[in-house]
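Spelled out from the first residue to the last, the chains are:
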Amino acid sequence: MSKAPIAYLTRKEIFSACHRLHSPRLSKEENAQVYGKCNNVNGHGHNYVVEVTLCGPVDGDTGMVMNINDLKKYMDNAIMEPLDHKNLDKDVPHFSNLVSTTENVAVFIWNNLKAQLPRPTMLHEVKIYETEKNIVIFRGEFD
């Protein structure tokens, strides 16, 4: 019996959201120094580009790691519904006491996806382009 090849499947979504980088653990002055213009009291917005990559065996019957339509549904539930066109700090309870940095958004998406996937171990990477120049990758690693 031969082993199934392992493949990586990536799907991209784009969501728009606003936020303010502000830590309750820092003073007003420290927040201004650390976050600069991103600490604007009225917030600012991004069109976040999210790439979710799964890794797994190519099914011998379907020829797929996962049906892309299923992955789309999981991403809609984990990313689009809770985050798209939202104020991350005010509309997403997860960020009520957590700074809504792109790093923390990536972890949020990772955890949401892991909870939905039929095989959570197949989640390989969440990659978020906050801007064309600012990119965060999370692979489920914790210190």
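None of the values given here were measured: they were computed from a predicted structure.

1. Comments concerning the state of the cysteines
Then comes step 1: Evaluation of the coordinates by the stated rule reveals zero disulfides.
Then comes step 2: A disulfide-free cysteine, Cys38 has its sulfur positioned 13 Å from the sulfur of Cys18, the nearest such atom.
Then comes step 3: Cys38 sits in the partly exposed class, given a relative accessible area of 23%.

2. Here's the deal with the side chain of Thr53
Then comes step 1: Locating Thr53 in the fold gives a position in strand E2 (residues 44-57).
Then comes step 2: Polar side-chain contacts of Thr53 include one of 2.7 Å to the side chain of Thr10.
Then comes step 3: Aside from chain neighbours lying at most four places away, what touches Thr53 is Tyr8, Leu9, Thr10, Met122, Leu123, His124 and Glu125.

3. Observations regarding the UniProt feature "active site" (unreviewed entry) in the chain
Then comes step 1: Taken from the UniProt record, the annotation "active site" (unreviewed entry) applies to Cys38, His85 and Glu130.
Then comes step 2: Inspection of the secondary structure assignment puts His85 in the loop between helix H2 (68-83) and strand E3 (86-87).
Then comes step 3: Classification of His85 as exposed rests on a relative accessible area of 63%.
Then comes step 4: Looking at where Glu130 falls in the secondary structure, it is placed in the loop between strand E4 (123-129) and strand E5 (135-138).

4. Things to note about the packing of aromatic side chains
Then comes step 1: If you walk through the whole model with that rule in mind, you get four aromatic pairs.
Then comes step 2: Ring geometry for Phe138 versus Phe142: centroids 5.6 Å apart, planes at 80°, classification edge-to-face.
Then comes step 3: On the basis of relative accessible area, Phe142 is assigned to the exposed category, the value being 61%.
Then comes step 4: One aromatic cluster is present, formed by Trp110, Phe138 and Phe142 through successive ring pairs.

5. Here's the deal with the environment of Lys72
Then comes step 1: Relative to the elements of secondary structure, Lys72 occurs in helix H2.
Then comes step 2: Overall, Lys72 belongs to the partly exposed group, its relative accessible area being 33%.
Then comes step 3: Distance in space between the C-alpha atoms of Lys72 and Asp143 is 30 Å, their sequence separation being 71 residues.
Then comes step 4: For Lys72, the contacting residues outside a window of four places in its chain are Arg11 and Glu13.

About the thresholds
Residues numbered from 1 in each chain as written. Predicted model: local features only at pLDDT ≥ 70, side-chain atom pairs only at ≥ 80, totals over all residues. Heavy atoms only, no water. Disulfide = S-S within 2.5 Å. Buried < 20%, exposed > 50% of the residue type's maximum accessible area, 1.4 Å probe, protein only. Helix = DSSP H or I, 4+ residues; strand = E, 2+ residues; numbered from the N terminus. Polar contact = N/O pair within 3.5 Å; in protein donor to acceptor, adjacent residues only side chain to side chain. Contact = heavy atoms within 4.5 Å. UniProt positions renumbered as here; feature names shortened; annotations may be inferred. Phe/Tyr/Trp six-rings, centres within 6.5 Å; stacked < 30°, edge-to-face > 60°.

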